[in-house]
Amino acid sequence: MLGTCNKDVAGANLPLVFAPESGNMLGGTVVNITGPCFEPNMKIRCKFDIVDVVGTVVDRNRAICVQPFLMAEGYVIFDIKIGEGQYNWKGKYFVETPATATERIYFETDAVHERYPEEIKITWDKYNLTSNLNTPVSISLYGYRETTIQPELVYIDILEEGVANSGSYTIAPSAYRTRYNWNMHDIRFGFVHINLTNPVQYAGLTVSPVLWSKPIPLGWYFAPQWRRQFDSNKWEEILCDEWITY
């Protein structure tokens with residue numbers, strides 16, 4: 001029966017039951033898996049498309065894998081490997097774009113679209129990370145760059161580390177005005193990212209689940225740097241001219 005433990009894996013391509021069946025291509029979705037019979041300390045690997053990750057056994061009937069960053073869209077092959085065996089357990093996983101994936105981080109106002117906002121209030125469902133509400137989380141900023149044929153998801157900065165998983169936080173952009181990310185001034189948009197600060201201690205995971213915002217402009221973070229770079233209050237006009245002539 002699907003969704004229960006099945007010991008017969010010899011030479012078979014067996015159906016896999018997992019949930020959710022889709023996730024944001026940026027990664028971080030915790031996928032619950034049933035099908036194989038799992039044992040404590042058993043090695044398990046999940047392969048999303050061509051990227052494989054180490055999984056964690058929860059009990060005899062369930063294991064979990066955290067989806068990695070995938071440069072794919074639509075349905076991809078999702079395979080499970082037990083111990084030193086082959087990828088006998090197979091399914092299909094749907095990869096969503098950041099713009100169409102379920103929104104996990106919400107912006108309370110339009111401040112994220114301003115150049116010099118005083119504050120940016122964000123909220124999230126705290127249970128999407130863990131049921132242990134004492135678990136500290138980290139809030140980071142990532143950018144997206146396409147200057148070569150290889151797209152890049154670029155870590156920019158840690159916005160806050162070790163804050164309570166309360167489901168809300170207020171970002172103070174003034175705290176980052178002296179930052180100097182000299183090799184990232186070409187990044188125009190990105191994402192807010194929330195993860196468990198210490199997933200091993202609080203959730204028994206080697207990799208943390210992740211929540212992502214929708215794509216957002218990064219003027220609120222980079223505006224002071226762009227102003228210093230171009231030595232001008234007209235950095236908006238300069239960047240627009242660059243975009244038109246690109």
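Residues numbered from 1 in each chain as written. Predicted model: local features only at pLDDT ≥ 70, side-chain atom pairs only at ≥ 80, totals over all residues. Heavy atoms only, no water.

Undergrad: Explain the overall build of the protein here, please?
TA: The helix and strand inventory of the protein stands at 3 helices and 18 strands. Its C-alpha atoms give the protein principal-axis dimensions of roughly 70 × 40 × 25 Å. Sorting the 246 residues of the protein into buried and exposed places 43% on the buried side. Summarising the internal contacts of the protein: among those between residues at least 6 apart in sequence, 65% fall at separations of at least 24. Carbon and sulfur atoms make up 51% of the accessible area of the protein, which totals about 13200 Å². Charge separation in the protein, taken as the distance between the mean sites of 21 positive and 28 negative side-chain charges, equals 5 Å. (Helix = DSSP H or I, 4+ residues; strand = E, 2+ residues; numbered from the N terminus. Buried < 20%, exposed > 50% of the residue type's maximum accessible area, 1.4 Å probe, protein only. Contact = heavy atoms within 4.5 Å. Areas by Shrake-Rupley, 256 points an atom, 1.4 Å probe, with all protein chains shown as cover. Lys, Arg positive; Asp, Glu negative; His and termini not counted. Charge placed at Lys NZ, Arg CZ, Asp CG, Glu CD.)

Undergrad: When you look at the pairing of strand 5 (residues 44–48) in this model, what are you seeing that I'm missing?
TA: Only one face of strand 5 is covered, namely the one carrying I44, C46 and F48; the face carrying R45 and K47 has none of its residues buried. Examined bridge by bridge, strand 5 and strand 9 (residues 74–82) share 5 bridges and lie antiparallel to one another. Across the sheet, K47 pairs through a bridge with D79, a residue of strand 9. Sheet topology places strand 5 next to strand 6 (residues 51–54); 4 bridges connect them, and they run antiparallel. In the sheet register, C46 faces strand 6, and the bridge partner there is V53. (Pairing = 2+ DSSP bridges.)

Undergrad: Can you help me understand the domain arrangement of the protein in this one?
TA: Put simply, an interface is often sized by how much accessible area is lost when its parts join up. Considered domain by domain, the protein is made up of domain 1 (14–96) and domain 2 (105–245). Taking the mean C-alpha position of each, domain 1 and domain 2 sit 28 Å from one another. Taken residue by residue, the interface counts 10 residues in domain 1 and 12 residues in domain 2. Taken together, both faces of the contact between domain 1 and domain 2 bury some 890 Å²; the carbon and sulfur share is 71%. When the buried surface of domain 1 facing domain 2 is broken down by residue, L26, V66 and M71 rank first, second and third, together holding 46% of it. On the surface where domain 1 and domain 2 come into contact, there are 0 salt bridges. Where domain 1 packs against domain 2, one counts 2 residue pairs in polar contact (both at pLDDT 80 or more). Partitioned by chemical class, the residues of the side of domain 1 that touches domain 2 number 6 nonpolar, 4 polar and no charged. (Domains from an automatic or database assignment. Buried area = accessible area lost by both parts, 1.4 Å probe. Salt bridge = Lys/Arg side-chain N within 4 Å of Asp/Glu carboxyl O. Polar contact = N/O pair within 3.5 Å; in protein donor to acceptor, adjacent residues only side chain to side chain. Nonpolar A, V, L, I, M, F, W, Y, C, P; charged D, E, K, R; others polar.)

Undergrad: Just to check I follow, could you spell out helix 2 (residues 219–230) for this structure?
TA: Since one α-helical turn is 3.6 residues long, residues separated by three or four positions face the same way. The end-to-end C-alpha separation of helix 2 is 14 Å, well short of the 16 Å expected for 12 residues at 1.5 Å each. Inspection of helix 2 places G219, W220, Y221, F222, A223, P224, Q225 and W226 among the buried residues, and these make up the whole buried set. Its buried side turned inward, helix 2 meets strand 12 (120–124), strand 13 (136–145), strand 14 (152–164), strand 15 (168–171), strand 18 (216–217) and helix 3 (235–245). Directly beyond the C-terminal end of helix 2, a positive phi value near 50 degrees is found at D231. (Expected span 1.5 Å × (residues − 1).)

Undergrad: Explain the packing of aromatic side chains to me, please; I cannot follow it from the model alone.
TA: The description of two aromatic rings rests on the distance between their centres and on the angle between their planes. Within this structure, the stated rule accounts for 16 aromatic pairs. For the ring pair F191 and W212, a centre distance of 6.0 Å and an interplane angle of 85 degrees mean the geometry is edge-to-face. Taken as a pair, F191 in strand 16 (residues 189–196) and W212 in strand 17 (residues 210–212) lie far apart in primary sequence, 21 residues in all. In terms of burial, F191 and W212 fall into one category: buried. Members of the aromatic cluster, connected to one another through ring pairs, are Y142, Y144, Y155, F189, F191 and W212. The ring of Y87 carries the charged tip of K47 above its face, separated from the ring centre by 4.5 Å. (Phe/Tyr/Trp six-rings, centres within 6.5 Å; stacked < 30°, edge-to-face > 60°. Lys NZ or Arg CZ within 6 Å of the ring centre and 35° of its normal.)

Undergrad: Explanation requested: the sheet that holds strand 4 (residues 30–34) in the structure shown.
TA: Sheet strands pair via backbone hydrogen bonds, and the direction of the pair is either parallel or antiparallel. One open sheet holds the 4 strands; their spatial order is 2-4-8-7, and the pairing between them is antiparallel. Edge strands, defined here as strands with exactly one partner in the open sheet, are strand 2 (17–19) and strand 7 (56–59). Along the sheet, successive strands turn relative to each other by an average axial angle of 30 degrees, direction set aside. Pairing of strand 4 with strand 8 (residues 62–66) involves 4 bridges; the strand directions are antiparallel. Each residue of the ladder has a partner; that of V31, found in strand 8, is C65. (Axes fitted to C-alpha atoms, helices over the stretch in contact; angles between N-to-C directions.)

Undergrad: I keep staring at the state of the cysteines and nothing clicks. Help me out?
TA: Disulfide: a covalent bond formed between the sulfur atoms of two cysteine residues. Enumeration over the complete set of coordinates arrives at 1 disulfide. For C46, the disulfide goes to C65, at an S-S distance of 2.0 Å. As the torsion about the S-S bond is roughly 75 degrees, the C46-C65 disulfide counts as right-handed. Pair noted here: C46 is in strand 5 and C65 is in strand 8, with a separation of 19 residues, a long-range link. For C65, a relative accessible area of 0% gives the class buried. (Disulfide = S-S within 2.5 Å.)

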